[in-house]
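Secondary and tertiary structure notes
What follows is the residue order along each chain.
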Amino acid sequence: MSTNPAGNSDPLVALGTLAGVPDAVNSVRKAVDRVYGHRVMRRRSTAVTSEAALRGARGSAALSGADWALEEVRRRSDFGADAESRTVGAALRLTAEAGQLLSIWRQSPLRVLARLHLVAAAEPGAGLVAGAGAGAGVGVGSGAVSGEASGAAAGSVAGGMADAVGRPRVAGEGVDFSGDALIEAALPDAEEVAGRLEGLSRLIIAGSSAPALVTAAVVHGELLALRPFTSYNGVVARAAERIVLIGSGLDPKAICPAEVGHAELGRAAYVAALDGYLSGTPDGVAAWIAHCGRAVELGVRESTAVCEALQRGAA
């Protein structure tokens, strides 16, 4: 991410002025306002949040190659049988964890990213998530991740790769692409990863007046571009996007799962939009931001349907 046409000290603000981006931001804001104004949100917002979290986790896993039916995700409790189930489990754990990290993100985003990877790579059965398979306790601030279970994660890492978990990869380390094979861009070396992560961290800590959609799209895009960890980079990137959208105040109740929209738009469109971001051109970066905006709007549509179902007594 290098597009900064005005040399602005806040490059995220500059990105917010790119062609088409203000329209995308306004469209997202209107869509979010509509679902927050739904009458069900006054009485059953917690139920909508939990359902959005489950559906968001399913969508994120689908983008990483584990395209399970929603009801299969809902009923399952064993997420360690094979690569797909481990990916679904990772997405569920990350959705639960995101709500616990909102207060830390603005002060120490690199710490949060390390934590997200630690949680994603945790050995199935480590007890990180209570009832995630049933769609319970996966919302913001739900308390699904207990302190004891979270602390156990460091010693419960899949594949015996504890030394490579919870930190960016170093020289000589590769990436397990089994869950993110759709991203075929050249892999940056460890030195570039470290430098760009530090730059991203500085942007987040400094704060920005850019719209939340812009910041979330940049965080998401940078993490996909860098693939800073040895595994689970896709689900971590989408969890970080979720944290930005919630923590910014755009979606404080976490009912607008962008992951649902990204999955609905499809893997081909996701890769094509990311290629635009990787190009670094104004049009390419703007197209990626607009794509992320459309994903949020589709997440809003999903939660609106949930609200309607709850209103009818069908969910």
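Preceding this section is the structure that the text describes.
Cut-offs used in this document
- Residues numbered from 1 in each chain as written.
- Predicted model: local features only at pLDDT ≥ 70, side-chain atom pairs only at ≥ 80, totals over all residues.
- Heavy atoms only, no water.
- Helix = DSSP H or I, 4+ residues; strand = E, 2+ residues; numbered from the N terminus.
- Buried < 20%, exposed > 50% of the residue type's maximum accessible area, 1.4 Å probe, protein only.
- Contact = heavy atoms within 4.5 Å.
- Areas by Shrake-Rupley, 256 points an atom, 1.4 Å probe, with all protein chains shown as cover.
- Core = buried A, V, L, I, M, F, W, Y, C linked by side-chain atoms within 4.5 Å.
- Expected span 1.5 Å × (residues − 1).
- Patch = residues over 30% accessible without salt bridge, like charges linked within 9 Å, V, L, I, M, F, W, Y side chains within 5 Å.
- Salt bridge = Lys/Arg side-chain N within 4 Å of Asp/Glu carboxyl O.
- Lys, Arg positive; Asp, Glu negative; His and termini not counted.
- Charge placed at Lys NZ, Arg CZ, Asp CG, Glu CD.
- Polar contact = N/O pair within 3.5 Å; in protein donor to acceptor, adjacent residues only side chain to side chain.
- Phe/Tyr/Trp six-rings, centres within 6.5 Å; stacked < 30°, edge-to-face > 60°.

**Overview of the overall build of the chain**
Looking only at helices and strands, one finds 14 helices and zero strands in the chain. Every one of the 315 residues in the chain was classed for burial, and the buried ones make up 54%. Once local pairs closer than 6 in sequence are excluded, the contacts in the chain between residues at least 24 apart make up 75%. With an accessible surface of roughly 12,400 Å², the chain has 52% of that area assigned to carbon and sulfur atoms.

**Considering the nonpolar core**
One finds Leu 116 and Trp 288 to be the most contacted residues of the largest nonpolar core, which totals 85 residues. Contacts of Trp 288, omitting those with residues within four sequence positions, involve Ala 217, His 220, Gly 221, Leu 224, Tyr 270, Ala 273, Leu 274 and Tyr 277.

**Looking at helix α11 (residues 233-247)**
An ideal rise of 1.5 Å per residue puts 21 Å on 15 residues; α11 measures up with 21 Å between its terminal C-alpha atoms. Counted residue by residue, α11 has 14 buried out of 15 residues, so it is predominantly covered. At the exit of α11 stands Gly 249, carrying a positive phi of roughly 95°.

**What about a positive patch on the surface?**
There is a patch of like positive charges on the surface, built from Arg 39, Arg 42, Arg 43 and Arg 44. Turning to its location among the elements, Arg 44 is positioned in the loop between α2 (21-36) and α3 (45-63).

**What to know about the side chain of Arg 169**
Looking at where Arg 169 falls in the secondary structure, it is placed in the loop between α8 (147-151) and α9 (190-206). For Arg 169, the side chain forms a polar contact with the main-chain oxygen of Pro 188, separated by 2.7 Å. At a separation of 2.9 Å, a polar atom in the side chain of Arg 169 contacts the main-chain carbonyl oxygen of Leu 226. Ignoring anything within four residues of it in the chain, the contact list for Arg 169 reads Gly 174, Val 175, Leu 187, Pro 188, Asp 189, Ala 190, Val 193, Leu 226, Arg 227, Pro 228, Phe 229 and Thr 230.

**Points about helix α5 (residues 83-98)**
Over its 16 residues, α5 runs 22 Å from end to end, which matches the ideal 22 Å to within 8%, given 1.5 Å per residue. Measuring from the backbone nitrogen of Glu 84 back to the side-chain oxygen at the start of α5 gives 3.3 Å, which picks out Asp 82 as the cap.

**Brief notes about the pattern of salt bridges**
For the structure shown, the criterion picks out 15 salt bridges. The partner of Glu 302 in a salt bridge is Arg 55, and the shortest N-O contact between them spans 2.8 Å. Residue Glu 302 is found in helix α14 (residues 282-312), and its partner Arg 55 is found in helix α3; the two are separated by 247 residues along the sequence. A relative accessible area of 23% means that Glu 302 is categorised as partly exposed. For Arg 167, the salt bridge goes to Glu 173, with nearest N and O atoms at 2.6 Å. Using a relative accessible area of 23% as the deciding quantity, one classes Glu 173 as partly exposed. What you see here is one network of salt bridges that share partners, running through Glu 51, Arg 55, Glu 71, Arg 74 and Glu 302.

**Regarding the packing of aromatic side chains**
Two numbers describe a pair of aromatic rings. These are the distance of the centres and the angle of the planes. Counted by the stated rule, this structure contains three aromatic pairs. Between the aromatic rings of Trp 68 and Phe 79, the centroid separation amounts to 6.4 Å while the plane-to-plane angle is 25°, which identifies the pairing as stacked. Remark: Phe 79 occurs in the loop between α4 (70-75) and α5 and Trp 68 occurs in the loop between α3 and α4; sequence separation between them is 11 residues. You'll find Trp 68 and Phe 79 in the same group, each marked buried. Each ring, one from Tyr 277 and one from Trp 288, has its centre 6.3 Å from the other, and the planes form 55°; the classification is tilted. Residue Tyr 277 is found in helix α13 (residues 267-279), and its partner Trp 288 is found in helix α14; the two are separated by 11 residues along the sequence. Assigned by exposure class, Tyr 277 and Trp 288 land together as buried. Among the aromatic residues, ring-to-ring pairing joins Tyr 270, Tyr 277 and Trp 288 into one connected group.

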